[in-house]
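Analysis of the macromolecular model
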Amino acid sequence: GAAVTLALGLALRLALAHYQLENIESLAVEARHYLESAPEEEDEESGRTAIPPPILEYLGQKLAGEERFEDAEFFLTRRSTPDDPGATAPAIWKLLAECRVAVNKYRGAVTAYDYLLLQTERPSDRAAAYLARGKVQLELEDYESARESARESLRSQKEGRTNAEA
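A short tour of the structure in this document, coming up. All values reported here derive from a predicted model rather than from experimental measurement. (Residues numbered from 1 in each chain as written. Predicted model: local features only at pLDDT ≥ 70, side-chain atom pairs only at ≥ 80, totals over all residues. Heavy atoms only, no water.)

Let's talk about the overall build of the chain
Cut-off, in case you're wondering: In DSSP terms, a helix is any run of H or I states spanning at least four residues, a strand is any run of E spanning at least two, and both are numbered starting from the N terminus. For every residue, the accessible area obtained with a 1.4 Å probe (protein chains only) is divided by the maximum for its type, and the residue is called buried under 20%, exposed over 50%, and partly exposed between those limits. In what follows, a contact means two residues having at least one pair of non-hydrogen atoms within 4.5 Å. Residue burial considers only the protein chains on display, and all accessible areas are found by Shrake-Rupley using a 1.4 Å probe.
For the chain, the count of helices and strands is 9 helices and 0 strands. Secondary structure of the chain in N-to-C order comes out as α-α-α-α-α-α-α-α-α. Across the 166 residues of the chain, 37% fall into the buried class. Restricting to contacts in the chain with at least 6 residues of sequence separation, those with at least 24 account for 44%. Total accessible area on the chain stands at roughly 9,700 Å², and carbon and sulfur atoms take up 50% of it.

Encoded structure:
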């Protein structure tokens, strides 16, 4: 009821204040509390205000930089837009994939690499993404897909370090 709505509003305000103060630890606590307590869907009827995507992105980047990959993955997942992959920057898909690999969420990592590849045109970046995806597919023991990712990596960049790794 009203108490829950008040508590959620307070959690959101605290999260925003911690963002302004660049207090990562408290921001992570309050943002997680808000996201785990609030209804999933934001709509005008619920009156729920979303945590602004740039704050989720900032938090995910900072936590990943501290090697807190599980926490980073939590916030980057909520920042991402799998229903509209183009609405999420390639750098976010890449970082999300790397965090998922770090916490052994390999299937989710493959998906994030797939979305990254949809938006990546530069040959060296495509080659690196295919190679990273192939490594994850090996972890999943999906050898045929890993082989195809390696082939695509080689096709994307004809020479250089990435090609040698593939």
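Comments concerning the packing of helix H2 (residues 24–37) against helix H4 (residues 69–79)
A pair of packed helices is characterised by two quantities: the angle between their axes and the separation of those axes. Stated formally: To get an axis, a line is fitted to the C-alpha atoms, and for a helix only the part in contact is used. The angle between two axes follows their N-to-C directions and goes from 0 to 180 degrees. Roughly parallel covers angles under 35 degrees, roughly antiparallel covers those over 145, roughly perpendicular covers 65 to 115, and oblique covers all other angles. Crossing handedness: left-handed means the near helix sits turned counterclockwise from the far one by under a right angle, and right-handed means the same turn made clockwise. Gly is put with the polar residues, along with every residue not named as nonpolar or charged; the nonpolar set is Ala, Val, Leu, Ile, Met, Phe, Trp, Tyr, Cys and Pro, and the charged set is Asp, Glu, Lys and Arg.
At a minimum axis separation of 12 Å, H2 and H4 run at an interaxial angle of 50 degrees. Between H2 and H4, the crossing angle belongs to the class labelled oblique. As for how H2 packs across H4, the hand of that crossing is left-handed. Taken together, the residues of H4 that come into contact with H2 (itself represented by Ala-28, Ala-31, Arg-32, Leu-35 and Glu-36) are Glu-70, Asp-71, Phe-74, Phe-75 and Arg-78. Looking at the contact of H2 with H4, its residues break down into 5 nonpolar, no polar and 5 charged.

Focus on the packing of aromatic side chains
How two aromatic rings sit relative to each other is set out by the distance from centre to centre and by the angle between their planes. Quick note on the threshold: Here a pair means two rings of Phe, Tyr or Trp (six-membered ring of Trp) with centres within 6.5 Å. Their orientation is stacked below 30 degrees between planes, edge-to-face above 60, and tilted elsewhere. Either the NZ atom of lysine or the CZ atom of arginine qualifies as a charge over a ring when it sits within 6 Å of the ring centre and within 35 degrees of the ring normal.
Inspection of every chain in the model, using the stated rule, returns 2 aromatic pairs. Seen from their ring centres, Phe-74 and Phe-75 are 4.9 Å apart, and the 90 degrees between their planes marks the pair as edge-to-face. With respect to burial, Phe-74 and Phe-75 carry one shared label: buried. Relative to Tyr-115, the ring of Trp-93 has its centre 4.7 Å away and its plane inclined at 50 degrees; by these criteria the two rings are tilted. Here Tyr-115 lies in helix H6 (residues 106–119) and Trp-93 lies in helix H5 (residues 90–102), a separation of 22 residues in the sequence. Relative accessible area serves as the criterion here: at 1%, Trp-93 is assigned to the buried category. For Tyr-115, a relative accessible area of 18% corresponds to the buried category. Positioned above the aromatic ring of Phe-74 is the side chain of Arg-32, whose terminal nitrogen or guanidinium carbon lies 3.8 Å from the ring centre. Above the plane of the ring of Phe-74 lies Arg-78, whose end atom (NZ or CZ) is 3.7 Å from the centre.

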